[in-house]
Amino acid sequence: MLPVRGVTTGVAVLLAFAGVASQPEVLRAHAAPAPAVQLTAGEVTLDAATGEGEAAGGVRLTDGRTTAVAARARLARRAGLAVLSGGARVVAPQGTLAAREITVAFTRQTITRIVARGEAILDAQDLRLRAPGITIVPAREEVTADGGVALVVPPDVTATGQRFVYRRAAGEMVLDGDARVVTRDGSVTGTRVEADRRVRRARVSGPVRAVWGQLAVESQMALLDHQAQVAVFTGQVRAADPHRRLATERLVVWYTHRRLLAEGPTHIVVEPAP
């Protein structure tokens, strides 16, 4: 192992780490042009033959758009990986990501993938995401999370599920596995929620259950328009409030006004006044 110390030297070490060269004399060539991805640290220990090593003390890995920092890192040149721990954090166009451990994959030119494990939190302008694991693919503007996802979308939406996919450029969100979405008006649960953040609409796959105040609705599918505050339920629709119960093929609900429109064959039972 070849120990190299100092921030300036740390950048030179990355020339070998990124695969430009692996000879000790190149490590000392500080005048060589720096690659697009740069690593700096207070202390770097690197095997010149394999590129395996460690960095400690103000570790910083960046490609100019995405920057990862931590107290220490394990380095693997051939795999193109750096595993960061100790206050590990990544600042990227997708937001700020923190976790107990963050694995950064990269080429000479760019950071290609970021995988955060252990109480991972992503804070972005358009959402806040918590999960045991969060992955960012910068080139695709894609964020995925798995294993007990908790999501906050301003101004008033919270959601939980088992897996989450967010394609930031397209504004598309998918939440799978016991998905539950809550707003100030009520809640909707289903097996899968597919949302378009740009137009604030969502499709919920069933079985679906929605609750707004005293109104409860069950169906196989639901289309929600949060901007218009209307929901359309289809497939074995059942609805109930303290005054009536109904079964129908298609039900339109203006949930803030508690207005209902049943379409198709409909059976209604009016509950007697107490």
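First things first, this report covers the structure right here in the doc. (Residues numbered from 1 in each chain as written. Predicted model: local features only at pLDDT ≥ 70, side-chain atom pairs only at ≥ 80, totals over all residues. Heavy atoms only, no water.)

Time to look at the nonpolar core. Counting residues in hydrophobic clusters, the biggest one holds 63 residues, and the most contacted among them are Leu127, Leu129, Ile134, Phe164, Trp212 and Phe233. For Phe233, the residues in contact, after removing those within four places along its chain, are Val208, Ala210, Trp212, Val217, Ser219, Met221, Ala222, Glu249, Arg250, Leu251 and Val253. (Core = buried A, V, L, I, M, F, W, Y, C linked by side-chain atoms within 4.5 Å. Buried < 20%, exposed > 50% of the residue type's maximum accessible area, 1.4 Å probe, protein only. Contact = heavy atoms within 4.5 Å.)

In this description, a pair of aromatic rings is defined by centroid distance and the angle of the planes. Evaluation of the coordinates by the stated rule reveals 3 aromatic pairs. Through pairs of rings, three or more aromatic residues link up here, namely Trp212, Phe233 and Tyr255. Just above the ring of Trp254 sits the side chain of Arg259; from NZ or CZ to the centre is 4.4 Å. (Phe/Tyr/Trp six-rings, centres within 6.5 Å; stacked < 30°, edge-to-face > 60°. Lys NZ or Arg CZ within 6 Å of the ring centre and 35° of its normal.)

Where strand 18 (residues 230–241) meets strand 19 (residues 244–254), 9 bridges bridge the pair, whose relative direction is antiparallel. Of the residues in strand 19, the one forming a bridge with Thr234 is Arg250. In this antiparallel pair of consecutive strands, strand 18 and strand 19, the connection spans 2 residues. In terms of strand pairing, strand 19 meets strand 21 (residues 267–270) through 4 bridges, oriented antiparallel. Bridge pairing links Arg245 to Val269 in strand 21. Bridge count for strand 19 against strand 20 (residues 259–263) is 5 bridges, and the pairing is antiparallel. Paired with Arg250 across the strands is Glu263, a residue of strand 20. (Pairing = 2+ DSSP bridges. Helix = DSSP H or I, 4+ residues; strand = E, 2+ residues; numbered from the N terminus.)

Moving on: unusual backbone geometry. A cis amide bond links Pro154 with the next residue in sequence, Pro155, at an omega value of 10 degrees. Within the secondary structure, Pro155 sits in the loop between strand 12 (142–153) and strand 13 (157–167). The peptide bond linking Gly206 to Pro207 adopts the cis configuration, its omega dihedral lying at 5 degrees. Tracing the sequence through the fold places Pro207 in strand 16 (residues 201–212). Here the phi dihedral of Glu141 falls at roughly 55 degrees; this positive angle occurs in a residue that is not glycine. Here Glu141 shows up in the loop between strand 11 (128–137) and strand 12. Of the residues examined, Glu141 reaches a relative accessible area of 15% and is grouped as buried.

Moving on to the pairing of strand 11. Of all 10 residues making up strand 11, 7 are buried, and the element is well covered by its neighbours. One ladder, built from 8 bridges, connects strand 10 (residues 111–123) with strand 11; its direction is antiparallel. Looking at strand 11, one finds that Ile121 is bridged to Arg130. Bridge count between strand 11 and strand 12: 8 bridges; the pairing is antiparallel.

What follows concerns empty space enclosed by the protein. It is the rolling of a water-molecule-sized probe over the atoms that shows where space remains empty. In this structure the tally under the stated criterion is 1 cavity of 30 Å³ or more. Those elements giving two or more residues to the lining of the largest cavity turn out to be strand 12, strand 13, strand 14 (172–182), strand 15 (187–196) and strand 16. A total of 5 residues in the lining of the largest cavity trace back to one element, the largest contributor, which is strand 15. (1 Å grid on protein atoms, 1.4 Å probe; cavity = no way out; pocket = protein on both sides within 12 Å on 5 of 7 lines; lining within 4 Å. Points joined across faces, edges and corners; volume = space filled by probe spheres on them.)

Our next topic: the pattern of salt bridges. Taken as a whole, this structure holds 14 salt bridges when the rule is applied. For Arg198, the salt bridge identified is with Asp196, shortest N-O distance 3.1 Å. The class for Arg198 is exposed, based on a relative accessible area of 57%. Taking the shortest distance from any N to any O, the salt bridge between Arg250 and Glu263 comes out at 2.4 Å. Placement of Arg250 in strand 19 and of Glu263 in strand 20 is noted, with a sequence separation of 13 residues between them. Assessed through its relative accessible area of 31%, Arg250 is described here as partly exposed. (Salt bridge = Lys/Arg side-chain N within 4 Å of Asp/Glu carboxyl O.)

What follows deals with the environment of Arg192. Its location among the elements puts Arg192 in strand 15. Taking the C-alpha atoms as reference points, Arg192 and Gln162, 30 residues apart in sequence, are found 9.9 Å from one another. Contact partners of Arg192, with chain neighbours within four places excluded, come to Val174, Leu175, Asp176, Ala179, Arg203, Val204 and Ser205. A polar contact of 2.8 Å, which involves the side chain of Arg192, links it to the side chain of Asp176. (Polar contact = N/O pair within 3.5 Å; in protein donor to acceptor, adjacent residues only side chain to side chain.)

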